[in-house]
Amino acid sequence: MYGSDRQELREVFFRAWRKHRNGEPLEGVETLIVDVALRHPEYHALLDDPERHAGRDYLPELGETNPFMHMGLHIALLEQLSIDHPPGVRSYYQTLRAKIPDPHVAEHAMMECLAEAVWQAQRSGRDLDAETYTRCLQELIRRL
């Protein structure tokens, strides 16, 4: 989604939100960003104040959730669902939705598996392991 530079990625979020607030047309991934942001009102003040939040670090060891990572995981999952990649992810989502009627809550459940798979990929310096990711989704569904 527009490179890997943290500032550049965050600016995409700020720009999409600013365009939304100004009633300007959205382009490409901006539509997904705004859709996800609208479902997270707790992030609206952050998105309204890029000067204050663009460079902020979020420390999990202090119990902080990185809102950009959180929204990015939503976007990644929505893109996966739109193209059914990795293969079968859409079916897992539909099965999960039968158990969790709220789509946002179902996305959050799946995002736990996605976040773990991303973390493992980053740690190992490899691409995301689709098999491990889908096994996690299967286990999630089995537990519910």
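Please refer to the structure placed before this passage.
Rules of the game
Residues numbered from 1 in each chain as written. Predicted model: local features only at pLDDT ≥ 70, side-chain atom pairs only at ≥ 80, totals over all residues. Heavy atoms only, no water. Helix = DSSP H or I, 4+ residues; strand = E, 2+ residues; numbered from the N terminus. Expected span 1.5 Å × (residues − 1). Bend = angle between axes of the 7 residues up to and from the residue. Buried < 20%, exposed > 50% of the residue type's maximum accessible area, 1.4 Å probe, protein only. Contact = heavy atoms within 4.5 Å. Polar contact = N/O pair within 3.5 Å; in protein donor to acceptor, adjacent residues only side chain to side chain. Axes fitted to C-alpha atoms, helices over the stretch in contact; angles between N-to-C directions. Parallel < 35°, antiparallel > 145°, perpendicular 65-115°, else oblique. Nonpolar A, V, L, I, M, F, W, Y, C, P; charged D, E, K, R; others polar.

Engineer: Sorry, what's going on with unusual backbone geometry here?
Structural biologist: Note: most peptide bonds trans; most residues except glycine with negative phi. For the peptide bond that leads from H85 to P86, omega is 5°, which places it in the cis range. Mapped onto the elements, P86 comes out in the loop between α5 (67-83) and α6 (89-99).

Engineer: What should I look at first to understand helix α7 (residues 103-124) in this one?
Structural biologist: Every α-helix winds through 3.6 residues per turn, so residues three or four apart in the chain are directed the same way. Between the first and last C-alpha of α7 there are 31 Å, a value that for 22 residues agrees with the 32 Å anticipated at 1.5 Å per step. When the local axis directions of α7 are compared, the greatest deviation, roughly 25°, occurs at M111. When we look at burial in α7, the residues that qualify are H104, A106, E107, A109, M110, M111, C113, L114, A117 and A121. For α7, the elements touching its buried residues are α5, α6 and α8 (130-143). Where α7 starts, the residue carrying a side-chain oxygen 2.8 Å from the main-chain nitrogen of H104 turns out to be D102.

Engineer: In this structure, what is going on with the environment of E27? I would like to understand it.
Structural biologist: Relative to the helices and strands, E27 is located in the loop between α1 (6-21) and α2 (30-38). Take E27: its relative accessible area is 53%, and that puts it in the exposed class. When the C-alpha atoms of E27 and A16 are compared, they prove to be 8.3 Å apart, with 11 residues separating the residues in sequence.

Engineer: Honestly, the packing of α1 against α5 in this entry has me stumped. Any pointers?
Structural biologist: A pair of packed helices can be characterised by two numbers: the angle between their axes and the separation between those axes. The contact between α1 and α5 brings their axes to 11 Å, and the two run at 80°. In terms of their interaxial angle, α1 and α5 are classed as roughly perpendicular. Across from R10, F13 and F14 in α1, the residues of α5 making contact are F68, M71, G72 and I75. Looking at the contact of α1 with α5 residue by residue, the class counts come to 5 nonpolar, 1 polar and 1 charged.

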